[in-house]
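Architecture at a glance
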Amino acid sequence: MMEKNNIALHEFSDKAILAELGDFVKRTRLEQNKTQQQLADLAGVNRSTIVQIENGNGSTMLSFIQVLRSLEQLHLFASFQQKPLISPLLLAKQEMRKRRRARTIPKSISKKPKSDW
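Let us look at the structure shown here. Computed from a prediction, not measured in an experiment: that's the story for all the values here.

Glancing now at helix H4 (residues 61–70). Ser63, Phe64, Val67, Leu68 and Ser70 are the residues of H4 that are buried. Along the axis of H4, the buried residues cluster in a sector spanning 160°; they form a single face. Facing away from the buried side of H4 by more than 90 degrees, the exposed set consists of Met61, Leu62 and Arg69. Buried residues along H4 sit in contact with helix H1 (14–31), helix H2 (36–43) and helix H3 (47–54).

In this structure the tally under the stated criterion is two salt bridges. Here Glu54 ties to Arg29 by a salt bridge, and the two come within 2.6 Å at their closest N and O atoms. Linking Glu54 in helix H3 with Arg29 in helix H1, this pair joins segments that are 25 residues apart in sequence. Accessibility expressed as a relative area gives 7% for Arg29, which makes it buried.

Cut-off values and rules
- Residues numbered from 1 in each chain as written.
- Predicted model: local features only at pLDDT ≥ 70, side-chain atom pairs only at ≥ 80, totals over all residues.
- Heavy atoms only, no water.
- Buried < 20%, exposed > 50% of the residue type's maximum accessible area, 1.4 Å probe, protein only.
- Helix = DSSP H or I, 4+ residues; strand = E, 2+ residues; numbered from the N terminus.
- Arc of directions from axis to C-beta.
- Contact = heavy atoms within 4.5 Å.
- Salt bridge = Lys/Arg side-chain N within 4 Å of Asp/Glu carboxyl O.

Structure, rendered in structure tokens:
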């Protein structure tokens, strides 16, 4: 059997992915020595929600996030964050637009008398 690290997740069925997520929640909960009820209380969900997740039957995304937060596993979502990338051309254009020196107002313009017109 192949190790889980070598398996391409995109080849999994949706049900298999839910089962993997449920296994992860269960393993993490047991490593932290928490009962399903303790985790449910920490997450603010029913124990039946924990049972559903651990059995791979799914749940709402909100409940799953609450469970991961209670297990201190929200760092798993870090790979979803995308930093905006600036293309090198746009960066060069922005660099060219930066001011390089300050302007002074010519004295001849500022001392002209106002017209009566």
